[in-house]
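Here's the letter readout for the chains.
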There are 2 protein chains.
Amino acid sequence: MAAPAEFIKFIDDNANKFIARLGEAVAIPSVSGNGAHRPDVFKMSAWLDGQLKSLGVTTSLVDLGKHVMDGEELPLPPAILGRIGDDPKKKTVLVYGHYDVQPAEKSDGWDTEPFKLVVDEKTGRLIGRGSTDDKGPILGWLNVLEAHKTLGLPLPVNLRFCFEGMEENGSEGLDDLIKSETARGNDGFFGGVDCVCISDNYWLNSRTPCITYGLRGLVYFKLTVSGPTRDLHSGVFGRMVHEPMTDLVLLMSKLVAPDGTILVPGVEDLVSAADEEERAIYEKLDYSVEDVNDAVGAPITLSDDKVTVIMGRMRMPSLSLHGIEGAFYGPGAKTVIPASVSGKFSIRIVPPQTPELIEPLVIQYVEQEFAKLNSKNKLKIENLHDGRPWVADYKHWNYEAARRATQAVYRRDPDLTREGGSIPVTLTFAESLGVNVLLLPMGRGDDGAHSTNEKLDRSNFIEGSKVLGTYLYEVGAIKA
Amino acid sequence: MAAPAEFIKFIDDNANKFIARLGEAVAIPSVSGNGAHRPDVFKMSAWLDGQLKSLGVTTSLVDLGKHVMDGEELPLPPAILGRIGDDPKKKTVLVYGHYDVQPAEKSDGWDTEPFKLVVDEKTGRLIGRGSTDDKGPILGWLNVLEAHKTLGLPLPVNLRFCFEGMEENGSEGLDDLIKSETARGNDGFFGGVDCVCISDNYWLNSRTPCITYGLRGLVYFKLTVSGPTRDLHSGVFGRMVHEPMTDLVLLMSKLVAPDGTILVPGVEDLVSAADEEERAIYEKLDYSVEDVNDAVGAPITLSDDKVTVIMGRMRMPSLSLHGIEGAFYGPGAKTVIPASVSGKFSIRIVPPQTPELIEPLVIQYVEQEFAKLNSKNKLKIENLHDGRPWVADYKHWNYEAARRATQAVYRRDPDLTREGGSIPVTLTFAESLGVNVLLLPMGRGDDGAHSTNEKLDRSNFIEGSKVLGTYLYEVGAIKA
Ligand SMILES: [Zn+2]
Ligand SMILES: [Zn+2]
Ligand SMILES: [Zn+2]
Ligand SMILES: [Zn+2]
């Protein structure tokens, strides 16, 4: 069922107002991974809660307790649970989003202040940290609510919202909340939910909308080598002592090959090759090697074959070295021997890989390789966080509704994709609620989530808001 | 020739006055590496100039021009050139020191205010920034001058002083001054100088005085691998593209082995093994593996053999990996694929190694290894700065004088050491003036120059002043 024309018109007419609201959200630097910004994450929860309430949503802020990060005990930002509509004749859609963001500093290489939304009139880009990940999509839902409230339109479904503030930092506390609420059955917050819709990923490219049925999982490791009790001067101690950086860099070099092959024994073996039906999906995608080159700005794909490259993201595991904590990182030349250095790396995993299978393989391998170094330094390896991979039934009515909504707004078939990233809560919802979970992205593949100059295109924000609203009408109408 | 007893007595009798003067010097925060403190560096030059003049030294403050630091144009602090004595029958000794200091903030972890000299009566420590590096040694010379002036004793040698205020920040301007003055031959400031004495390094330990005849040189490299034009999300692009961190870490792992061996072909080969005579010097040093363990706080020496360990610092090249610019370096977990990453590493070099020999070996090797990776990323390698190593003839009369002076004051043989670090001006004096240069340290190995709670022991300040004075008598008397 198409959304009412007045809904579509309202979204168009109020675009600038919606963008201004996105500016308010971006201005709150709700970085969950940096303790100094924790008050901002709370500020963001209060802001979002206020918005929801003003649009008629009944909310509760659930205290998720405390956690320890970098040796500091911090309060976890609350989960915001919201509900609007309780008509037993309507389907109930659970919407998830996260109001925290990745770290960003102008000095990282941003062209503009990351926490000030810049509207680039020429390109139509809305530039700022969180614009596409995940404040834009959350605000898309607010736009839908505002349209219905202002126009006096009844919502076509009952809505439940679950917004968290720790997604970029392991979604701490949320799983327990979801599990305890689902354990309460129909009395719990998720009682009666028929399907889940999550808008927290991206189109494959910058042209074709998509819906997404798979996600890679993740295991994020911190590999620490410690030696002296303080940083040393390389002039005084160079070639007298085992240097932690030497050991760490050598260990990190043994994790992944330049061609992307994961060198930890047993990790690659778990994954079987794609069959013909699966390959056909990848062949059909509106996608080329050129798209990747354009997105990254350089011709650096691991292969020149389209299907190999896209399978690298969608159905192969990957290992990335993110950086080193504790070493010299500034510009210029500092002749330090760092006392303790921690390599950060993560493995993206696909079915049937699980963190439980991967973690011991990595730990055992790293310890074996470290033993070979005959170093007197100390090794420590930790799993900082992890999440299982997920694949959904893309023939479900929830997907059919999303397909129809996309066709209605964008007048084209969406790509059917799997994502290379992880949104662990997807799996929690799928497993705990036992209902179909849909990923319905708003932004484009070149948005630069987690990167410098993150943006959301104005048209994606506006048309995307229409898709979200239309999707609710399609869910309301479709025969389950 | 022993120094007159009245000189020794004067130093003992006036110890508290000398310490008070050191307090005055420490109270001026002459941090050359921080533009905000530049006026203090000038203040320090005026203070030192006043002291020298009041003690009968003819001085000139040489304007070294301006430089740009952190985008700001700043006047360089003057070099202070001082002269006292012009007796053609006496030898002429050139003394070098620096009146600038390293940055220090109480919040760095100091137990006391860094720019207030604290006299710890229990331990005898004089604690404060610059106490040992290099204000204490400079004031040692003032103490010698004051003793002679007050007692009406003639100095046993002609003295020339060259004090600079930019040593902690690259000695900018000084090399040019030294070269232009030496180019003027006997008419230049350094005309007639017979030897040089620099007191700007440390004993090997906290027990035994030393004299130092060698310094390692340095070549500092920046190795950059660049791929995408911006940072990428590892979920989106992991296993689609060549990741710069993968390439860089692999290259860095091929530079140095965990046992300290430099893996760049040709670098180690340049250095011949120590012969028996040289090994005997290291055997004789008052030094143990325990000393290194104590200094670094953990039992991490590369060898359990004392001579191997000390040769690692004194006569072997070393390669240290300092860190990576451009990668994730903060706490927590960030799933970034950094777009461009620069590994910083440096090689400490010893004769006959020179930057001119080492640089092409490193560049060629790194380029060859990078080619083996079959990566589509781009490589760049730069030499950020370098300095040649230096070894003096420790059988020269200048060293013999220092040895006798140390024996007279401390009643023991000094250790004969080479330093692992570099003091570039040493080489400039040696090469420009063509005379023997001696390093005659005042402080102990645990003084913490460049670190928090920098100190100079009271006994090192007082006995060290006696050593400097006695050294002048020995130089005056020795048959050149
Ligand atoms: Zn997100
Ligand atoms: Zn994210
Ligand atoms: Zn110094
Ligand atoms: Zn220094």
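Here the structure is a predicted model, which is why all the values come from computation and not from measurement.

Calculation rules
Residues numbered from 1 in each chain as written. Chains lettered and ligands numbered in written order. Predicted model: local features only at pLDDT ≥ 70, side-chain atom pairs only at ≥ 80, totals over all residues. Heavy atoms only, no water. Domains from an automatic or database assignment. Buried area = accessible area lost by both parts, 1.4 Å probe. Polar contact = N/O pair within 3.5 Å; in protein donor to acceptor, adjacent residues only side chain to side chain. Nonpolar A, V, L, I, M, F, W, Y, C, P; charged D, E, K, R; others polar. Helix = DSSP H or I, 4+ residues; strand = E, 2+ residues; numbered from the N terminus. Donors = N, O, S within 2.8 Å, 3.2 Å for Na, K, Ca; no water. Tetrahedral: all angles 85-135°; square planar, octahedral: opposite > 155°, others 65-115°. Buried < 20%, exposed > 50% of the residue type's maximum accessible area, 1.4 Å probe, protein only. Least-squares fit on C-alpha atoms with pLDDT ≥ 70 in both. Contact = heavy atoms within 4.5 Å. Salt bridge = Lys/Arg side-chain N within 4 Å of Asp/Glu carboxyl O. Core = buried A, V, L, I, M, F, W, Y, C linked by side-chain atoms within 4.5 Å. 1 Å grid on protein atoms, 1.4 Å probe; cavity = no way out; pocket = protein on both sides within 12 Å on 5 of 7 lines; lining within 4 Å. Points joined across faces, edges and corners; volume = space filled by probe spheres on them. Arc of directions from axis to C-beta. UniProt positions renumbered as here; feature names shortened; annotations may be inferred.

J.: How do you make sense of the domain arrangement of chain A when you look at a structure like this?
T.: Interface size is commonly expressed as the accessible area that is lost once the parts come together. Residue and element names in this part refer to chain A. For chain A, the assigned domains are domain 1 (5–216 + 389–477) and domain 2 (217–271 + 316–387). Placing the centre of domain 1 and that of domain 2 at their C-alpha centroids yields a distance of 34 Å. Between domain 1 and domain 2, a total of about 800 Å² is buried, with carbon and sulfur atoms accounting for 60% of that surface. When residues of domain 1 are sorted by the area they lose upon contact with domain 2, R216, P389 and S422 head the list and together hold 63% of the total. The tally of links between domain 1 and domain 2 comes to two residue pairs in polar contact (both at pLDDT 80 or more). Partitioning the side of domain 1 that touches domain 2 into residue classes produces three nonpolar, four polar and two charged.

J.: Before we go on, may I ask you to explain unusual backbone geometry in this structure?
T.: Glycine aside, the phi torsion of most residues is negative, and most peptide linkages are trans. With omega at 10 degrees, the peptide bond leading from D133(A) into D134(A) counts as cis. Structurally, the position occupied by D134(A) is in helix α4 (residues 131–151). A positive phi angle, near 75 degrees, is found at R239(A), a position not held by glycine. Along the chain, R239(A) turns up in the loop between α6 (234–237) and α7 (244–253). Even without being a glycine, H450(B) presents a positive backbone phi close to 70 degrees. Checked against the element boundaries, H450(B) lands in the loop between β19 (436–439) and β20 (455–457).

J.: In this structure, what is going on with the coordination of the zinc ion (ligand 3)? I would like to understand it.
T.: Note on metal sites: the ideal angle is 109.5 degrees for four tetrahedral donors, and 90 or 180 degrees for six octahedral donors. All names here are of chain B. All of the protein donors around the zinc ion (ligand 3) are H98 (NE2), D133 (OD), D200 (OD) and D200 (OD); their distances to the metal are 1.9 to 2.7 Å. Seen from the zinc ion (ligand 3), its four donor atoms lie at angles of 53 to 146 degrees, and the figure they make is irregular. Within one chain, the residues serving as donors to the zinc ion (ligand 3) are arranged as H-x34-D-x66-D. A gap of 3.1 Å separates the zinc ion (ligand 3) and the zinc ion (ligand 4), which D133 links by coordinating each metal. Of the two residues, H98 sits in strand β5 (residues 92–98) while D133 sits in helix α4 (residues 131–151), which places them 35 residues apart along the sequence. Note on D133: relative accessible area 5%, which makes it buried.

J.: Would you take a moment to explain the relation of the copies chain A and chain B for this structure?
T.: Look at the two chain copies: a rotation about an axis and a shift along it is all it takes to match them. For the pair chain A and chain B, the relating rotation is 179 degrees, the translation along its axis is 2.8 Å, and the fit reaches an RMSD of 2.7 Å. Residue by residue, 87% of the interface of chain A is reproduced at the interface of chain B, so both copies engage with the same surface.

J.: How do you make sense of the pattern of salt bridges when you look at a structure like this?
T.: Side chains that differ in charge, positive against negative, can pair when their charged atoms come close. Under the criterion given, the structure shown has 63 salt bridges over all chains. A salt bridge links K179(A) to D175(A); the nearest nitrogen and oxygen atoms lie 3.8 Å apart. You can see K179(A) and its partner D175(A) sitting in helix α5 (residues 174–183), four residues apart, about one turn around the helix. Here R315(B) and E278(B) are joined by a salt bridge, their closest N and O atoms 2.9 Å apart. On the criterion of sequence distance, the pair formed by R315(B) in the loop between α10 (306–314) and β13 (318–325) and E278(B) in helix α8 (residues 276–284) is long-range, its members being 37 residues apart. R315(B) sits in the buried class, given a relative accessible area of 7%. In this structure E278(B) comes out as buried when scored by relative accessible area, which is 14%. Salt bridges here are not isolated pairs; linked through shared partners, they connect R125(A), R444(A), D446(A), D447(A), K455(A) and D457(A).

J.: Would you take a moment to explain the nonpolar core for this structure?
T.: Side chains of nonpolar character tend, in soluble globular proteins, to be buried together. With 112 residues, the main nonpolar core has V93(B), L145(B), L159(B), F161(B), F429(B), F461(B) and Y471(B) as its most contacted residues. Residue contributions to this core peak at eight residues, all from helix α14 (residues 458–477) of chain B. Those residues in contact with F161(B) that sit more than four places away from it in its chain are L52(B), V57(B), I80(B), L81(B), G82(B), I84(B), L94(B), V95(B), W141(B), L145(B) and F189(B). Of all hydrophobic cores here, the second largest spans 92 residues; its members include F18(A), Y399(A), V425(A) and M442(A).

J.: Can you help me understand the coordination of the zinc ion (ligand 2) in this one?
T.: Residue and element names in this part refer to chain A. The coordination sphere of the zinc ion (ligand 2), as far as protein atoms go, consists of D133 (OD), E168 (OE), E168 (OE) and H450 (NE2), spread over 2.0 to 2.7 Å. With four donor atoms in place around the zinc ion (ligand 2) and angles of 53 to 136 degrees between them, the coordination shape is irregular. Within one chain, the residues serving as donors to the zinc ion (ligand 2) are arranged as D-x34-E-x281-H. A gap of 3.1 Å separates the zinc ion (ligand 2) and the zinc ion (ligand 1), which D133 links by coordinating each metal. Residue D133 is located in helix α4, and its partner H450 is located in the loop between β19 (436–439) and β20 (455–457); the two are separated by 317 residues in the primary sequence. Looking at H450, the relative accessible area reads 7%, which means it is buried.

J.: Explanation requested: the layout of surface pockets in the structure shown.
T.: Left-over empty space is what a probe sized like a water molecule reveals as it rolls over the atoms. By volume, the second largest pocket amounts to about 820 Å³. Here the lining of the second largest pocket is built from residues that sort into 14 nonpolar, 16 polar and eight charged.

J.: What is the right way to look at α8(B) in this model?
T.: At 3.6 residues per turn, the α-helix brings residues three or four places apart onto the same side. Residue and element names in this part refer to chain B. Listed in full, the buried residues belonging to α8 are E278, I281 and Y282. Down the axis of α8, the buried side of the element spans an arc of 95 degrees, and every buried residue falls inside it. Exposed positions of α8 whose direction lies more than 90 degrees from the buried face are E276 and K284. Tucked into the core, α8 has its buried residues touching β10 (210–215), α10 and β18 (415–419). For α8, the N-terminal cap is D275; the gap from its side-chain oxygen to the backbone nitrogen of E277 is 3.2 Å.

J.: Can you walk me through the UniProt feature "domain: Peptidase M20 dimerisation" (unreviewed entry) in chain A in this structure?
T.: Here the UniProt feature "domain: Peptidase M20 dimerisation" (unreviewed entry) sits at residues 213–371 of chain A. The distance from the first to the last C-alpha atom of residues 213–371 of chain A is 42 Å, and the span holds 36% helix and 22% strand.

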